[in-house]
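# Residue-level structure breakdown
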Number of protein chains: 2
Amino acid sequence: VSAAPASPFARVCIVGCGLMGGSLALAAREVPGVEEVVVTDADPAVLHRAAERGIGDRHEAEASTAARGADLVVLATPVAATARIYQSLADVIGQRTVVTDVSSVKAQVLREIEGYGEVADHAPNGRSRFIGGHPMAGSERSGIEAADGKLFQGATWLLTPTEHSDEAAFERLSGFLRQLGARVLAVEPELHDRLVAIASHLPQVLASTLMDEAADAAERTGEAVLAVAAGGFRDATRVAGSDPDLWVGILRENRPAVLEAIDGFLERLTTVRAAIQAGDWPEVRQRLARARAARERLPSKDRVGRLIDLVIPVADRPGVLAEVTTALGEAGVNIEDLSMRHASAGDRGALLVAVDGDAAAHRALGILERRSVIAHLEPR
Amino acid sequence: VSAAPASPFARVCIVGCGLMGGSLALAAREVPGVEEVVVTDADPAVLHRAAERGIGDRHEAEASTAARGADLVVLATPVAATARIYQSLADVIGQRTVVTDVSSVKAQVLREIEGYGEVADHAPNGRSRFIGGHPMAGSERSGIEAADGKLFQGATWLLTPTEHSDEAAFERLSGFLRQLGARVLAVEPELHDRLVAIASHLPQVLASTLMDEAADAAERTGEAVLAVAAGGFRDATRVAGSDPDLWVGILRENRPAVLEAIDGFLERLTTVRAAIQAGDWPEVRQRLARARAARERLPSKDRVGRLIDLVIPVADRPGVLAEVTTALGEAGVNIEDLSMRHASAGDRGALLVAVDGDAAAHRALGILERRSVIAHLEPR
């Protein structure tokens, strides 16, 4: 659409060199304007492998050394450790540095880091430089050996700005993520946790349970149950190959939302079972057909179109960015690009949010109108 | 391994031109020795599309005209119609013709066709020329538009010979299926139905239920739940895109085994849920780890190796073929090739069953020994 802009971050520090951190280090290296990618990991052997594979320009054993002087710090560490590591680095991270993480559960981390839900005062302007992040990309493989510089291309990257978030930090971070090829979607932290419970954590539990059930049946009835496993079974159980420790951490951190998602599923499956037992085939058919229709509506990864800017005059009220981006995110409207038009003589500043195509733009306008946010459209 | 043998069937008739029938017509065309592929379908529009796409050499509106003179008749019709269509064609199908089907549920069809479980007398030698079949290949797409001549390459093709089956019919059919690129596995009809309930029908019900649950959540909480659906969710719900009518037929035909599989799953998921609620993370971790180990043991589709023949002297007792092939099938030992070494002066006849590699061969020997079946190995 336009010439690639330079990265808003010249020096990127990545704390933790697993699948996510390693992939991010590789991807960041390709972004114009990134001058140095510094990586660190608590495990010297992992750091050594990163150096061997050419992942990262500089390898630091101490996270505090790695983070010093960085423009962007990414915490790609297990979810339970994120807040603690952030706090341990708080003093060496610069005031204009943007910090994000990649963990799968958000509300608890934000409560710990920025006192989300309470009053916070972390950044020079009183706003938080920490923007929670969660790339919806992954693999059943894990560890630095699986690192892949193209992992994030076309993936949705969730950001969870809050009323405490620094708008400039959000803008710079989301621009950088788009340069990695990701699509940025902003949602509120609690909603994020409920969404991923359904779209990611529940499927993980189902896949592992199905695989476990089939393996048990194979022991009872002969191995043939696994030999007959065709494409459908392979697809359904793919994520059962994921790292158990990673997943215990995620399920633990997001327990209430996960239990709620499992309960919803149990109830629905019990209803389907009753319809099959009763021989209520019209009901069974209707459920299968409804599911098929929903599956066909799943957004495709490779959709492309014409960008249209929503131009939103920025009233001088805090949190307007989080309000706008999370309202669009919750309606499933991807933010394709985001920038600030700064105030000048005779003109107020404006937030420019680019979305993909007319339909999305008009949908977005309607969403903002219902929230009394004034906006107009400017096609690019 | 050796020069491709000619097809045991010169004229192949395919009744029903959906995904399976259409794909089979395309695949059969590529087998050396197949001289004509005749296709028929109850829907003239489908038959017309088949002719337009060059699927089949001859297109007959009447199944009885199509089946006359065929060496192999494949019933690629909805499962509920299979037995009825077989019976309507019984008089025009030659006595040496082999008949098979591709339906996803087997015991009921066999009961209807050959009086399976009772005494049967269909073929000249008193054995049944009908061998139940079920290719474990498919697609969430359906209909002739989705037909794909490579659909069966590397797929497992289940056959369900019974004590009534004609050995020569089984041998010719399994040889032909291997020429299509499939791996043949023989199992008993009732066990087949229990296996597919777990490996195919349960995953279908879970995928549709998960998709339905997520779509419902999207309505309640905004569209974002679908926008955040990453690879794991897409994999888990892929088969939810399948044809509802096809699946109602399958669930209906295999109801008892499907209910049993759903009950097993519900119980296991309830146990997992309790462990998550109780915060019993060692238990949760153990279950995830067990599932991962089982997932890693799933046989790979592209395994290749050295063929070894199990040479089994054929005692003059009926059903030895079904006994041997289903014993191996239930243990997950694929039959890579199968042939008869006919009796000559000073030599009894033998059944030659080729398996893939030393490990499979020794495993197969052990299985046969436990059943008092004498065999020895002959590497090719």
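Residues numbered from 1 in each chain as written. Chains lettered and ligands numbered in written order. Predicted model: local features only at pLDDT ≥ 70, side-chain atom pairs only at ≥ 80, totals over all residues. Heavy atoms only, no water.

### Details of the pairing of strand β4 (residues 72–75) of chain B
Residue and element names in this part refer to chain B. On β4, burial covers both faces: L72 and V74 on one face and V73 and L75 on the other are all buried. Strand direction decides the pairing type here: strand β1 (residues 11–15) and β4, joined by 4 bridges, are parallel. Directly across from V12, in β4, lies its bridge partner L72. Pairing geometry for β4 and strand β5 (residues 98–101), over 4 bridges, is parallel. Following the sheet pairing, L72 is matched in β5 by V98. (Buried < 20%, exposed > 50% of the residue type's maximum accessible area, 1.4 Å probe, protein only. Helix = DSSP H or I, 4+ residues; strand = E, 2+ residues; numbered from the N terminus. Pairing = 2+ DSSP bridges.)

### Description of helix α7 (residues 189–221) of chain B
All names here are of chain B. With 33 residues, α7 extends 46 Å between its outermost C-alpha atoms, agreeing within 8% with the 48 Å of an ideal straight helix rising 1.5 Å per residue. At A197, α7 shows its strongest bend, of approximately 45°. For α7, a buried count of 27 out of 33 residues is recorded, marking the element as mostly surrounded by other parts of the structure. (Expected span 1.5 Å × (residues − 1). Bend = angle between axes of the 7 residues up to and from the residue.)

### Looking at the interface of chain B and chain A
Taken together, the 89 residues of chain B in the interface contact 90 residues of chain A. Counting the surface lost from both chain B and chain A, the interface buries some 8,400 Å², and carbon and sulfur atoms represent 69% of this. Per-residue buried area on chain B facing chain A is highest for R268, W281 and R295 of chain B; these three make up 8% of the total on that side. Taken together, the links from chain B to chain A amount to 16 salt bridges. For D235 of chain A, the salt bridge is made with R238 of chain B, and the minimal N-O distance between the two is 3.6 Å. Counting every contact that joins chain B to chain A gives 20 residue pairs in polar contact (both at pLDDT 80 or more). For the side of chain B that touches chain A, the elements supplying multiple residues, two or more each, are β7 (156–160), α7, α8 (224–227), α9 (231–237), α10 (244–253), α11 (255–278), α12 (281–297) and α13 (320–330) of chain B. The element that contributes the greatest number of residues to the side of chain B that touches chain A is α7 of chain B, accounting for 20 residues. (Contact = heavy atoms within 4.5 Å. Buried area = accessible area lost by both parts, 1.4 Å probe. Salt bridge = Lys/Arg side-chain N within 4 Å of Asp/Glu carboxyl O. Polar contact = N/O pair within 3.5 Å; in protein donor to acceptor, adjacent residues only side chain to side chain.)

### Focus on the sheet that holds strand β3 (residues 58–60) of chain B
All names here are of chain B. As summarised here, the arrangement of the 8 strands in space is β3-β2-β1-β4-β5-β6-β7-β8, forming an open sheet in which the pairing is mixed. Two strands in the sheet have a free side with no partner beyond their single neighbour: β3 and β8 (183–186). Adjacent strand axes in the sheet meet at a mean angle of 25°, parallel and antiparallel pairs treated alike. In the packing of helix α4 (residues 82–89) onto the sheet, contacts are made with β1, β4, β5 and β6 (130–135), and the angle to β4 comes to roughly 150°. (Axes fitted to C-alpha atoms, helices over the stretch in contact; angles between N-to-C directions.)

### Let's talk about the sheet that holds strand β2 (residues 36–40) of chain A
Residues and elements named next belong to chain A. Taken in spatial order, the 8 strands line up as β3-β2-β1-β4-β5-β6-β7-β8 in an open sheet, and their pairing is mixed. Sheet topology places β3 (58–60) and β8 (183–186) at the edges, where each strand pairs with a single neighbour. Each neighbouring strand pair of the sheet contributes to a mean axis angle of 25°, computed without reference to strand direction. Here β2 pairs with β3 via 3 bridges, running parallel. Residue pairing for β3: V39 is matched across the bridge by H59. Against the sheet, helix α4 (residues 82–89) makes contact with β1 (11–15), β4 (72–75), β5 (98–101) and β6 (130–135), and its axis sits at roughly 150° relative to β4, the strand it touches most.

### Comments concerning the pattern of salt bridges
One pass over the structure, following the stated rule, counts 36 salt bridges over all chains. When the shortest N-O distance is used, the salt bridge between R29 of chain A and D57 of chain A registers 2.8 Å. Of this pair, R29 of chain A sits in helix α1 (residues 19–29) while D57 of chain A sits in the loop between α2 (44–52) and β3, placing them 28 residues apart in sequence. By relative accessible area, which is 38% here, D57 of chain A ends up partly exposed. Here D216 of chain B ties to R268 of chain A by a salt bridge, and the two come within 2.8 Å at their closest N and O atoms. Within this pair, whereas D216 of chain B is found in helix α7, its partner R268 of chain A is found in helix α11 (residues 255–278), the two belonging to separate chains. Given the relative accessible area of 28%, D216 of chain B is considered partly exposed. For R268 of chain A, a relative accessible area of 13% translates into the label buried. Through salt bridges with shared partners, a single ionic network connects D212, E213 and D216 of chain A together with R268, E283, R287 and R290 of chain B.

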